[in-house]
2 protein chains.
Amino acid sequence: MARIEYPEAVLGLIQELKQLPGVGPRSAERIAIWLVQHPRAHPQALSAALLGAHETVSSCARCGFFATPEGCSVCAHPRREPILCVVEQATDVISMERSGAFQGRYHCLGGRLSPLDNVTPENLRIGSLLERLEEESIEEVILALGADVEGEATANYLADLLRGKCQVTRLAQGLPAGGGLEHADALTLARALEGRRGL
Amino acid sequence: MARIEYPEAVLGLIQELKQLPGVGPRSAERIAIWLVQHPRAHPQALSAALLGAHETVSSCARCGFFATPEGCSVCAHPRREPILCVVEQATDVISMERSGAFQGRYHCLGGRLSPLDNVTPENLRIGSLLERLEEESIEEVILALGADVEGEATANYLADLLRGKCQVTRLAQGLPAGGGLEHADALTLARALEGRRGL
(Lines give C-alpha, C1' and ligand atoms only; values in the text may rest on other atoms or scores of the structure.)
Protein backbone atom coordinates (compact mmCIF):
# COMPACT_ATOMS: atom_id res chain seq x y z
CA MET A 1 0.00 0.00 0.00
CA ALA A 2 1.37 3.41 -0.95
CA ARG A 3 2.39 5.53 1.99
CA ILE A 4 0.65 8.75 2.83
CA GLU A 5 3.06 11.62 2.18
CA TYR A 6 3.05 15.40 2.37
CA PRO A 7 1.33 17.14 -0.57
CA GLU A 8 3.58 17.79 -3.59
CA ALA A 9 3.75 21.51 -2.82
CA VAL A 10 5.12 20.83 0.68
CA LEU A 11 7.64 18.28 -0.63
CA GLY A 12 8.78 20.82 -3.23
CA LEU A 13 9.24 23.48 -0.56
CA ILE A 14 11.23 21.05 1.63
CA GLN A 15 13.38 20.24 -1.40
CA GLU A 16 14.17 23.92 -2.00
CA LEU A 17 14.82 24.68 1.68
CA LYS A 18 17.19 21.68 1.98
CA GLN A 19 19.58 23.37 -0.44
CA LEU A 20 20.15 26.37 1.83
CA PRO A 21 23.48 26.35 3.72
CA GLY A 22 23.18 24.87 7.21
CA VAL A 23 19.68 23.56 6.63
CA GLY A 24 19.47 19.76 6.77
CA PRO A 25 16.52 17.52 5.82
CA ARG A 26 14.99 17.72 9.32
CA SER A 27 15.27 21.50 9.59
CA ALA A 28 13.90 21.88 6.07
CA GLU A 29 10.85 19.81 6.99
CA ARG A 30 10.34 21.74 10.21
CA ILE A 31 10.62 25.11 8.47
CA ALA A 32 8.31 24.06 5.61
CA ILE A 33 5.61 22.82 8.00
CA TRP A 34 5.94 25.98 10.05
CA LEU A 35 5.59 28.14 6.94
CA VAL A 36 2.47 26.25 5.86
CA GLN A 37 0.77 25.94 9.24
CA HIS A 38 1.90 28.60 11.65
CA PRO A 39 -0.35 31.66 12.02
CA ARG A 40 2.69 33.91 12.46
CA ALA A 41 4.35 32.66 9.24
CA HIS A 42 4.45 35.06 6.29
CA PRO A 43 5.45 32.95 3.28
CA GLN A 44 4.35 35.72 0.96
CA ALA A 45 6.60 38.28 2.67
CA LEU A 46 9.54 35.85 2.55
CA SER A 47 8.84 35.16 -1.12
CA ALA A 48 8.74 38.89 -1.88
CA ALA A 49 11.98 39.46 0.06
CA LEU A 50 13.66 36.70 -1.94
CA LEU A 51 12.60 38.12 -5.27
CA GLY A 52 13.45 41.66 -4.16
CA ALA A 53 16.96 40.70 -3.12
CA HIS A 54 17.48 38.65 -6.26
CA GLU A 55 16.35 41.45 -8.54
CA THR A 56 17.99 44.48 -6.93
CA VAL A 57 21.26 43.19 -5.52
CA SER A 58 24.31 42.60 -7.70
CA SER A 59 28.06 42.95 -7.35
CA CYS A 60 29.77 46.37 -7.72
CA ALA A 61 32.08 46.20 -10.74
CA ARG A 62 34.50 48.58 -9.04
CA CYS A 63 34.89 47.39 -5.42
CA GLY A 64 33.05 44.05 -5.39
CA PHE A 65 30.62 44.97 -2.59
CA PHE A 66 26.86 44.56 -3.01
CA ALA A 67 25.45 47.03 -5.50
CA THR A 68 21.85 48.08 -6.01
CA PRO A 69 20.35 50.09 -8.89
CA GLU A 70 21.02 53.17 -6.70
CA GLY A 71 24.75 52.30 -6.66
CA CYS A 72 27.18 50.78 -4.20
CA SER A 73 27.25 52.11 -0.64
CA VAL A 74 30.99 51.45 -0.34
CA CYS A 75 31.91 53.47 -3.45
CA ALA A 76 29.32 56.15 -2.71
CA HIS A 77 30.39 56.60 0.89
CA PRO A 78 31.56 60.16 1.37
CA ARG A 79 34.78 61.37 2.96
CA ARG A 80 36.52 58.03 3.38
CA GLU A 81 40.29 58.22 3.92
CA PRO A 82 42.47 57.19 0.93
CA ILE A 83 43.39 53.91 2.64
CA LEU A 84 42.22 50.74 0.94
CA CYS A 85 41.25 47.69 2.97
CA VAL A 86 41.42 44.57 0.76
CA VAL A 87 39.10 41.78 1.96
CA GLU A 88 38.14 38.41 0.50
CA GLN A 89 34.37 38.62 0.58
CA ALA A 90 31.78 41.36 0.49
CA THR A 91 30.57 40.13 3.88
CA ASP A 92 33.99 40.92 5.38
CA VAL A 93 33.25 44.61 4.78
CA ILE A 94 30.37 44.36 7.24
CA SER A 95 32.61 42.66 9.82
CA MET A 96 35.21 45.43 9.44
CA GLU A 97 32.54 48.13 9.71
CA ARG A 98 31.14 46.54 12.87
CA SER A 99 34.59 46.73 14.45
CA GLY A 100 34.30 50.51 14.07
CA ALA A 101 38.10 50.75 13.76
CA PHE A 102 38.45 51.58 10.08
CA GLN A 103 37.56 54.79 8.28
CA GLY A 104 38.95 54.06 4.82
CA ARG A 105 37.70 52.42 1.66
CA TYR A 106 37.19 48.77 0.77
CA HIS A 107 38.02 46.43 -2.06
CA CYS A 108 36.58 42.90 -2.20
CA LEU A 109 38.69 40.33 -4.05
CA GLY A 110 35.80 37.91 -4.40
CA GLY A 111 37.81 35.02 -3.00
CA ARG A 112 41.41 34.01 -2.42
CA LEU A 113 44.08 32.18 -4.33
CA SER A 114 43.48 28.47 -4.15
CA PRO A 115 45.13 26.42 -6.92
CA LEU A 116 43.36 23.26 -5.71
CA ASP A 117 39.96 24.90 -6.36
CA ASN A 118 41.17 26.42 -9.65
CA VAL A 119 41.14 29.95 -8.21
CA THR A 120 44.03 31.83 -9.86
CA PRO A 121 44.83 35.58 -9.87
CA GLU A 122 42.66 35.97 -12.98
CA ASN A 123 39.60 34.90 -10.99
CA LEU A 124 40.09 37.60 -8.37
CA ARG A 125 39.25 41.30 -8.65
CA ILE A 126 42.92 42.33 -8.89
CA GLY A 127 42.78 44.37 -12.10
CA SER A 128 40.29 46.84 -10.65
CA LEU A 129 42.39 46.98 -7.46
CA LEU A 130 45.40 48.20 -9.46
CA GLU A 131 43.22 50.72 -11.30
CA ARG A 132 41.87 52.11 -8.04
CA LEU A 133 45.36 52.61 -6.59
CA GLU A 134 46.12 55.21 -9.25
CA GLU A 135 42.67 56.74 -9.68
CA GLU A 136 42.08 57.28 -5.98
CA SER A 137 45.70 58.15 -4.98
CA ILE A 138 45.65 55.39 -2.37
CA GLU A 139 48.34 55.88 0.30
CA GLU A 140 48.12 52.52 1.99
CA VAL A 141 46.70 49.09 1.21
CA ILE A 142 45.74 46.99 4.24
CA LEU A 143 45.54 43.28 3.39
CA ALA A 144 42.71 42.07 5.64
CA LEU A 145 42.73 38.43 4.53
CA GLY A 146 42.20 35.27 6.53
CA ALA A 147 45.06 33.96 8.69
CA ASP A 148 45.01 30.56 7.02
CA VAL A 149 47.26 29.11 4.32
CA GLU A 150 45.27 30.42 1.36
CA GLY A 151 44.75 33.84 2.93
CA GLU A 152 48.49 34.15 3.54
CA ALA A 153 49.33 33.00 0.01
CA THR A 154 46.96 35.63 -1.39
CA ALA A 155 48.46 38.30 0.88
CA ASN A 156 51.99 37.41 -0.22
CA TYR A 157 51.01 37.48 -3.89
CA LEU A 158 49.37 40.89 -3.53
CA ALA A 159 52.25 42.28 -1.45
CA ASP A 160 54.69 41.36 -4.26
CA LEU A 161 52.38 42.94 -6.83
CA LEU A 162 51.86 46.19 -4.91
CA ARG A 163 55.42 46.70 -3.66
CA GLY A 164 56.68 50.13 -4.70
CA LYS A 165 53.21 51.35 -5.70
CA CYS A 166 52.07 52.22 -2.16
CA GLN A 167 52.53 51.21 1.45
CA VAL A 168 51.27 47.66 2.06
CA THR A 169 50.33 46.39 5.52
CA ARG A 170 48.45 43.42 6.87
CA LEU A 171 46.29 42.69 9.92
CA ALA A 172 48.11 41.72 13.11
CA GLN A 173 48.02 38.09 14.21
CA GLY A 174 47.99 37.14 17.88
CA LEU A 175 45.69 36.32 20.76
CA PRO A 176 41.99 36.94 20.05
CA ALA A 177 40.36 39.45 22.40
CA GLY A 178 39.18 37.75 25.57
CA GLY A 179 41.19 34.63 24.83
CA GLY A 180 43.46 33.22 27.51
CA LEU A 181 46.80 31.57 26.73
CA GLU A 182 45.35 28.16 27.59
CA HIS A 183 42.94 28.39 24.66
CA ALA A 184 45.48 29.56 22.08
CA ASP A 185 47.07 26.99 19.79
CA ALA A 186 50.84 26.82 19.33
CA LEU A 187 50.91 28.70 16.01
CA THR A 188 48.78 31.56 17.37
CA LEU A 189 51.07 31.86 20.39
CA ALA A 190 54.17 31.79 18.18
CA ARG A 191 52.75 34.63 16.07
CA ALA A 192 51.63 36.61 19.10
CA LEU A 193 55.17 36.38 20.45
CA GLU A 194 56.71 37.25 17.10
CA GLY A 195 54.49 40.34 16.82
CA ARG A 196 54.94 41.52 20.42
CA ARG A 197 54.90 45.28 20.98
CA GLY A 198 56.67 47.53 23.44
CA LEU A 199 54.61 48.96 26.31
CA MET B 1 30.35 58.53 10.10
CA ALA B 2 27.50 56.22 9.13
CA ARG B 3 28.51 52.59 8.85
CA ILE B 4 28.36 50.75 5.57
CA GLU B 5 25.60 48.14 5.78
CA TYR B 6 24.05 45.53 3.52
CA PRO B 7 21.58 46.92 0.96
CA GLU B 8 17.99 47.25 2.21
CA ALA B 9 16.85 44.27 0.15
CA VAL B 10 19.42 42.02 1.84
CA LEU B 11 18.54 43.34 5.32
CA GLY B 12 14.86 42.69 4.57
CA LEU B 13 15.62 39.14 3.49
CA ILE B 14 17.69 38.53 6.64
CA GLN B 15 14.77 39.89 8.69
CA GLU B 16 12.32 37.45 7.09
CA LEU B 17 14.68 34.46 7.36
CA LYS B 18 15.33 35.19 11.06
CA GLN B 19 11.69 34.45 11.82
CA LEU B 20 11.93 30.84 10.62
CA PRO B 21 12.13 28.23 13.38
CA GLY B 22 15.69 27.24 14.22
CA VAL B 23 17.23 30.06 12.17
CA GLY B 24 19.16 32.57 14.29
CA PRO B 25 20.56 35.95 13.22
CA ARG B 26 23.88 34.42 12.07
CA SER B 27 22.27 31.63 10.04
CA ALA B 28 19.81 34.10 8.53
CA GLU B 29 22.70 36.32 7.38
CA ARG B 30 24.59 33.34 5.99
CA ILE B 31 21.55 32.03 4.10
CA ALA B 32 20.66 35.48 2.73
CA ILE B 33 24.18 36.10 1.43
CA TRP B 34 24.26 32.62 -0.07
CA LEU B 35 20.95 33.22 -1.81
CA VAL B 36 22.17 36.53 -3.24
CA GLN B 37 25.68 35.50 -4.21
CA HIS B 38 25.96 31.76 -4.79
CA PRO B 39 25.75 30.56 -8.38
CA ARG B 40 23.88 27.43 -7.27
CA ALA B 41 21.22 29.42 -5.36
CA HIS B 42 17.74 29.54 -6.87
CA PRO B 43 15.88 32.28 -4.99
CA GLN B 44 13.20 32.33 -7.67
CA ALA B 45 12.52 28.60 -7.31
CA LEU B 46 12.36 28.95 -3.51
CA SER B 47 10.03 31.90 -3.85
CA ALA B 48 7.77 29.95 -6.21
CA ALA B 49 7.78 26.94 -3.86
CA LEU B 50 6.77 29.19 -0.95
CA LEU B 51 3.88 30.73 -2.84
CA GLY B 52 2.83 27.35 -4.22
CA ALA B 53 2.70 25.76 -0.78
CA HIS B 54 0.93 28.77 0.68
CA GLU B 55 -1.73 28.78 -2.01
CA THR B 56 -2.46 25.09 -2.42
CA VAL B 57 -2.04 23.59 1.05
CA SER B 58 -4.73 23.92 3.72
CA SER B 59 -6.07 21.76 6.55
CA CYS B 60 -8.57 18.95 5.85
CA ALA B 61 -11.81 19.78 7.66
CA ARG B 62 -12.46 16.10 8.29
CA CYS B 63 -9.18 14.57 9.50
CA GLY B 64 -6.91 17.59 10.02
CA PHE B 65 -4.13 16.43 7.66
CA PHE B 66 -2.82 18.66 4.86
CA ALA B 67 -5.38 19.13 2.13
CA THR B 68 -4.88 20.39 -1.41
CA PRO B 69 -7.51 21.43 -3.98
CA GLU B 70 -7.41 17.79 -5.14
CA GLY B 71 -8.42 16.66 -1.65
CA CYS B 72 -6.71 15.09 1.34
CA SER B 73 -4.50 12.05 0.80
CA VAL B 74 -5.41 10.61 4.21
CA CYS B 75 -9.17 10.73 3.61
CA ALA B 76 -8.81 9.68 -0.04
CA HIS B 77 -6.52 6.75 0.73
CA PRO B 78 -8.21 3.53 -0.42
CA ARG B 79 -8.71 0.34 1.55
CA ARG B 80 -7.56 1.52 4.94
CA GLU B 81 -8.67 -0.62 7.89
CA PRO B 82 -11.43 0.86 10.10
CA ILE B 83 -8.95 1.59 12.86
CA LEU B 84 -8.42 5.24 13.71
CA CYS B 85 -5.02 6.52 14.86
CA VAL B 86 -5.44 9.80 16.74
CA VAL B 87 -2.32 12.01 16.59
CA GLU B 88 -1.57 15.55 17.75
CA GLN B 89 -0.17 17.07 14.59
CA ALA B 90 -0.47 16.47 10.87
CA THR B 91 3.28 15.82 10.83
CA ASP B 92 2.78 12.85 13.20
CA VAL B 93 0.91 11.10 10.37
CA ILE B 94 4.11 11.09 8.33
CA SER B 95 6.10 9.66 11.28
CA MET B 96 3.53 6.87 11.71
CA GLU B 97 3.55 6.15 7.98
CA ARG B 98 7.34 5.97 7.95
CA SER B 99 7.20 3.32 10.68
CA GLY B 100 5.28 1.18 8.18
CA ALA B 101 3.46 -0.51 11.06
CA PHE B 102 -0.01 0.95 10.67
CA GLN B 103 -2.56 0.30 7.93
CA GLY B 104 -5.53 2.20 9.32
CA ARG B 105 -6.85 5.76 9.12
CA TYR B 106 -5.71 8.94 10.84
CA HIS B 107 -7.24 11.79 12.76
CA CYS B 108 -5.17 14.87 13.69
CA LEU B 109 -6.33 16.72 16.81
CA GLY B 110 -4.41 19.87 15.89
CA GLY B 111 -2.72 20.03 19.30
CA ARG B 112 -3.19 18.71 22.83
CA LEU B 113 -4.94 19.88 25.96
CA SER B 114 -2.88 22.52 27.69
CA PRO B 115 -4.81 24.77 30.07
CA LEU B 116 -1.72 26.97 30.59
CA ASP B 117 -1.68 27.79 26.86
CA ASN B 118 -5.47 28.16 26.77
CA VAL B 119 -5.90 24.98 24.72
CA THR B 120 -9.20 23.43 25.83
CA PRO B 121 -11.20 20.55 24.26
CA GLU B 122 -13.05 23.13 22.13
CA ASN B 123 -9.79 24.05 20.41
CA LEU B 124 -9.09 20.48 19.32
CA ARG B 125 -10.67 18.54 16.44
CA ILE B 126 -12.76 16.35 18.77
CA GLY B 127 -16.21 16.97 17.28
CA SER B 128 -15.19 15.60 13.89
CA LEU B 129 -13.51 12.65 15.65
CA LEU B 130 -16.84 11.66 17.24
CA GLU B 131 -18.60 12.07 13.91
CA ARG B 132 -16.11 9.82 12.16
CA LEU B 133 -16.52 7.05 14.75
CA GLU B 134 -20.13 6.57 13.67
CA GLU B 135 -19.84 7.37 9.99
CA GLU B 136 -16.88 5.08 9.38
CA SER B 137 -17.88 2.27 11.81
CA ILE B 138 -14.50 2.56 13.54
CA GLU B 139 -13.63 -0.56 15.55
CA GLU B 140 -10.67 0.77 17.46
CA VAL B 141 -9.16 4.16 18.32
CA ILE B 142 -5.42 4.19 18.95
CA LEU B 143 -4.34 7.24 20.93
CA ALA B 144 -0.89 7.98 19.52
CA LEU B 145 -0.14 11.07 21.60
CA GLY B 146 3.10 12.22 23.18
CA ALA B 147 4.34 10.50 26.34
CA ASP B 148 4.55 13.79 28.25
CA VAL B 149 2.16 15.34 30.78
CA GLU B 150 -0.02 17.13 28.24
CA GLY B 151 -0.11 14.17 25.89
CA GLU B 152 -1.21 11.91 28.73
CA ALA B 153 -3.85 14.36 29.92
CA THR B 154 -5.24 14.53 26.39
CA ALA B 155 -5.21 10.73 26.10
CA ASN B 156 -7.06 10.36 29.42
CA TYR B 157 -9.65 12.95 28.41
CA LEU B 158 -10.30 11.20 25.08
CA ALA B 159 -10.37 7.74 26.69
CA ASP B 160 -13.14 8.93 29.04
CA LEU B 161 -15.03 10.44 26.13
CA LEU B 162 -14.76 7.39 23.88
CA ARG B 163 -15.37 4.69 26.48
CA GLY B 164 -18.24 2.44 25.40
CA LYS B 165 -18.25 3.81 21.84
CA CYS B 166 -15.37 1.65 20.58
CA GLN B 167 -12.20 -0.04 21.73
CA VAL B 168 -9.61 2.53 22.88
CA THR B 169 -5.89 1.75 23.05
CA ARG B 170 -2.72 3.76 23.37
CA LEU B 171 0.89 3.40 22.22
CA ALA B 172 3.19 1.35 24.44
CA GLN B 173 5.76 3.14 26.56
CA GLY B 174 9.16 1.64 27.29
CA LEU B 175 12.74 1.52 26.08
CA PRO B 176 13.31 3.20 22.70
CA ALA B 177 14.68 0.89 20.02
CA GLY B 178 18.46 0.64 20.25
CA GLY B 179 18.50 2.28 23.68
CA GLY B 180 20.43 0.59 26.47
CA LEU B 181 19.28 0.63 30.09
CA GLU B 182 22.08 3.05 30.98
CA HIS B 183 20.53 5.75 28.78
CA ALA B 184 16.95 5.36 29.99
CA ASP B 185 15.65 7.70 32.69
CA ALA B 186 13.92 6.36 35.79
CA LEU B 187 10.37 7.02 34.56
CA THR B 188 10.99 5.30 31.22
CA LEU B 189 12.41 2.27 33.03
CA ALA B 190 9.47 2.21 35.45
CA ARG B 191 7.04 2.22 32.53
CA ALA B 192 9.01 -0.40 30.60
CA LEU B 193 8.85 -2.64 33.68
CA GLU B 194 5.16 -1.95 34.18
CA GLY B 195 4.38 -2.83 30.56
CA ARG B 196 6.58 -5.95 30.41
CA ARG B 197 5.36 -8.75 28.20
CA GLY B 198 5.64 -12.52 28.40
CA LEU B 199 8.07 -14.23 26.04
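Residues numbered from 1 in each chain as written. Chains lettered and ligands numbered in written order. Predicted model: local features only at pLDDT ≥ 70, side-chain atom pairs only at ≥ 80, totals over all residues. Heavy atoms only, no water.

We now examine unusual backbone geometry. Within the chain, Ser137 of chain A stands out as a residue other than glycine whose phi angle is a positive 45°. A relative accessible area of 51% means that Ser137 of chain A is categorised as exposed. Residues other than glycine seldom take positive phi values, yet Asn118 of chain B does so here, at roughly 60°. Locating Asn118 of chain B in the fold gives a position in the loop between β5 (105-108) and α6 (127-135). Among the residues examined, Asn118 of chain B registers a relative accessible area of 63% and is labelled exposed. (Buried < 20%, exposed > 50% of the residue type's maximum accessible area, 1.4 Å probe, protein only. Helix = DSSP H or I, 4+ residues; strand = E, 2+ residues; numbered from the N terminus.)

To continue, consider the domain arrangement of chain A. The domain boundaries assigned to chain A delineate domain 1 (8-43) and domain 2 (66-170). Between the C-alpha centres of domain 1 of chain A and domain 2 of chain A the distance comes to 37 Å. (Domains from an automatic or database assignment.)

Every contact between the two is made by 58 residues of chain A and, on the other side, 58 residues of chain B. Summed over both sides, the interface between chain A and chain B buries roughly 5400 Å², with carbon and sulfur atoms accounting for 71% of that surface. In this assembly, chain A and chain B are joined by four salt bridges. Summed over the shared surface of chain A and chain B, the number is five residue pairs in polar contact (both at pLDDT 80 or more). With twelve residues, the top contributor of residues to the side of chain A that touches chain B is helix α3 (residues 43-56) of chain A. In terms of residue class, the side of chain A that touches chain B is made up of 33 nonpolar, 16 polar and nine charged. (Contact = heavy atoms within 4.5 Å. Buried area = accessible area lost by both parts, 1.4 Å probe. Salt bridge = Lys/Arg side-chain N within 4 Å of Asp/Glu carboxyl O. Polar contact = N/O pair within 3.5 Å; in protein donor to acceptor, adjacent residues only side chain to side chain. Nonpolar A, V, L, I, M, F, W, Y, C, P; charged D, E, K, R; others polar.)

Our next topic: the sheet that holds strand β1 (residues 58-59) of chain B. Residues and elements named next belong to chain B. The strand order across the open sheet formed by three strands is β1-β2-β3, and the pairing between neighbours is antiparallel. Two strands in the sheet have a free side with no partner beyond their single neighbour: β1 and β3 (71-72). Judged from the two bridges that link them, strand β2 (residues 66-68) and β3 form a sheet pairing that is antiparallel. Within the sheet, the bridge partner assigned to Ala67 lies in β3 and is Cys72. (Pairing = 2+ DSSP bridges.)

Residue and element names in this part refer to chain B. With respect to the helices and strands, Val149 occurs in helix α7 (residues 149-162). By relative accessible area, Val149 is classed as exposed at 70%. Here the alpha-carbon distance between Val149 and Ala45, two residues 104 residues apart in the chain, equals 42 Å.

A few words now on the nonpolar core. Leu35 and Phe65 of chain A together with Leu35 and Phe65 of chain B are the most contacted members of the largest nonpolar core, which has 78 residues in total. Not counting residues up to four positions away in its chain, the partners in contact with Phe65 of chain B are Ile4 and Glu5 of chain A together with Ser58, Ser59, Cys60, Cys72, Ser73, Val74, Ala90, Val93, Ile94 and Cys108 of chain B. (Core = buried A, V, L, I, M, F, W, Y, C linked by side-chain atoms within 4.5 Å.)

Evaluated as defined, the whole model comprises six aromatic pairs over all chains. Each ring, one from Phe102 of chain B and one from Tyr106 of chain B, has its centre 5.2 Å from the other, and the planes form 65°; the classification is edge-to-face. The burial state of Phe102 of chain B is the same as that of Tyr106 of chain B; both residues are buried. Feature note: the residues Tyr6 of chain A together with Phe65 and Phe66 of chain B constitute an aromatic cluster, connected by ring pairs. (Phe/Tyr/Trp six-rings, centres within 6.5 Å; stacked < 30°, edge-to-face > 60°.)

So, about the relation of the copies chain A and chain B. The operation relating chain A to chain B is a screw motion whose rotation component is 180°, with 0.0 Å of axial translation and a residual RMSD of 0.1 Å. Such a combination of rotation and displacement between the chain copies is what one expects of a two-fold axis. Among all residues of chain A, the minimum C-alpha distance to the rotation axis is found for Ser47 of chain A, at 2.2 Å. The overlap is high: 100% of the interface residues of chain A also sit at the interface in chain B, so the same surface is used on both sides. (Least-squares fit on C-alpha atoms with pLDDT ≥ 70 in both.)

Glancing now at the pattern of salt bridges. The tally for this structure, following the rule as stated, stands at 26 salt bridges over all chains. The residue Arg62 of chain B makes a salt bridge to Glu136 of chain B at a minimum N-O spacing of 2.8 Å. With Arg62 of chain B in the loop between β1 and β2 and Glu136 of chain B in the loop between α6 and β6 (140-143), this pair connects stretches of sequence that are 74 residues apart. We note a salt bridge from Arg163 of chain B to Asp160 of chain B, for which the minimum N-O separation is 2.6 Å. Considered together, Arg163 of chain B and Asp160 of chain B belong to a single accessibility category, that of exposed residues. The network of salt bridges with shared partners includes Arg62, Arg105, Arg132, Glu135 and Glu136 of chain A.

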